[in-house]
There are 2 protein chains.
Amino acid sequence: MQPDQLSLTLSAIADPTRRAILMRLMDGEASVKELAAPFEMSIPAICKHLKVLEGAGLISRGRNAQLRPCRLEAQPLREAVGWIEEFASFWDTSLNRLDGLLERLQATDATAKKN
Amino acid sequence: MQPDQLSLTLSAIADPTRRAILMRLMDGEASVKELAAPFEMSIPAICKHLKVLEGAGLISRGRNAQLRPCRLEAQPLREAVGWIEEFASFWDTSLNRLDGLLERLQATDATAKKN
DNA sequence: AGCATATCTAACCGATCAGTTAGCTAACCG
DNA sequence: CGGTTAGCTAACTGATCGGTTAGATATGCT
């Protein structure tokens, strides 16, 4: 089963190396070698990370002589933001209204209170 | 190396089953059995997913007789939203408001000079 | 006490992941 | 042309993942 776009996006940015690469790309396009420089990691390893990011649509690649510059494509993150914000809103309401939680505890009866 | 909190959160919600569980929990607390019901998956499999979610701080567990009800804890998602919105804002400014052209010119210029 | 229910742990399995090294291809430059 | 540089693929490895079955544990019911 091939994963949905949202899962692709989220698992792509779940890796700290890939997040660092994306943040680097906010400063503008960069070559593979430039992207690899800050990491103690082989070039092929970076290539694999780039492939994951490209597969998730988070970057796109150009061609400039021997270089294959990477460019940020932040569009898929929109969906991710949308999904997560559902829960951010839940967080706002549920933490701002703690009594809702209390109601729930009381509703399941006083036996739950022990322990 | 143990992963940072943000990576924990993002990889936890990168799985569709776990996202479905979280969405279910927006309707209120639920037992493991209730959470497992919609899935064609064994109970221990669900337990593992719950453990991942708990490890990421996205749910907490109570105790009510034999039940160990799960409750949504959306707080860690705040950090995730914060991180992703950095890029959402990049998307807004560079694609919608089109200084993208300028950025790209600067970027190719920079890569041309480096090496 | 004895049984049923809810949940978890342990052990295992196949697939995927994140990294490596070695070697290939393509473009530039002398 | 030959050599250098950038990037990629292939093949391998150890770790982690997502699931399973079997069995342990804890609580409630009669």
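Here, every reference points to the structure presented above.
The following refers to the structure shown. (Residues numbered from 1 in each chain as written. Chains lettered and ligands numbered in written order. Predicted model: local features only at pLDDT ≥ 70, side-chain atom pairs only at ≥ 80, totals over all residues. Heavy atoms only, no water.)

**Regarding the overall build of chain A**
Next, step 1: On a plain count of helices and strands, chain A comes out with six helices and two strands.
Next, step 2: Listed by position from the N terminus, the elements making up chain A come as α-α-α-α-β-β-α-α.
Next, step 3: A buried classification covers 40% of the 115 residues belonging to chain A.
Next, step 4: Residue pairs at least 24 apart in sequence account for 49% of intrachain contacts in chain A once pairs closer than 6 positions are excluded. (Helix = DSSP H or I, 4+ residues; strand = E, 2+ residues; numbered from the N terminus. Buried < 20%, exposed > 50% of the residue type's maximum accessible area, 1.4 Å probe, protein only. Contact = heavy atoms within 4.5 Å.)

**Observations concerning the side chain of B:Asp15**
Next, step 1: Mapped onto the secondary structure, B:Asp15 falls in the loop between α1 (5-13) and α2 (16-25).
Next, step 2: At a separation of 2.8 Å, a polar atom in the side chain of B:Asp15 contacts the main-chain amide nitrogen of B:Thr17. (Polar contact = N/O pair within 3.5 Å; in protein donor to acceptor, adjacent residues only side chain to side chain.)

**Description of unusual backbone geometry**
A negative phi holds for most residues other than glycine; trans holds for most peptide bonds.
Next, step 1: For A:Ala65, which is not a glycine, the phi torsion comes out positive at approximately 60°.
Next, step 2: Relative to the helices and strands, A:Ala65 resides in the loop between β1 (59-61) and β2 (70-72).

**Comments concerning the protein's contact with DNA strand D**
Next, step 1: Surrounding DNA strand D, one finds 23 residues, the nearest of these being A:Lys33, A:Cys47, B:Ser42, B:Lys48 and B:His49.
Next, step 2: Here the atoms of DNA strand D within 4 Å of the protein split so that 76% fall in sugar or phosphate, with bases taking the remainder.
Next, step 3: Measuring from a phosphate oxygen of DNA strand D, one finds a side-chain N or O atom of B:Ser42 at 2.5 Å.
Next, step 4: One of the side-chain nitrogen or oxygen atoms of B:Gln66 is found 3.4 Å away from a sugar or linking oxygen of DNA strand D.
Next, step 5: Of all elements in the fold, only α3 (32-36) and α4 (43-55) of chain A together with α4 (43-55) of chain B reach the threshold of two or more residues within the surface near DNA strand D. (Near = heavy atom within 4 Å.)

**Side note on the protein's contact with DNA strand C**
Next, step 1: Near DNA strand C, the surroundings consist of 20 residues, among which A:Ser42, A:Lys48, A:His49, B:Lys33 and B:Cys47 are the closest.
Next, step 2: Counting only atoms of DNA strand C within 4 Å of the protein, the sugar-phosphate share comes to 74%.
Next, step 3: Between DNA strand C and B:Val32, the relevant distance is 3.1 Å, taken from a phosphate oxygen to a main-chain nitrogen or oxygen of the residue.
Next, step 4: Of all elements in the fold, only α4 of chain A together with α3 (32-36) and α4 of chain B reach the threshold of two or more residues within the surface near DNA strand C.
Next, step 5: Looking at side-chain class alone, the surface near DNA strand C contains eight nonpolar, five polar and seven charged residues. (Nonpolar A, V, L, I, M, F, W, Y, C, P; charged D, E, K, R; others polar.)

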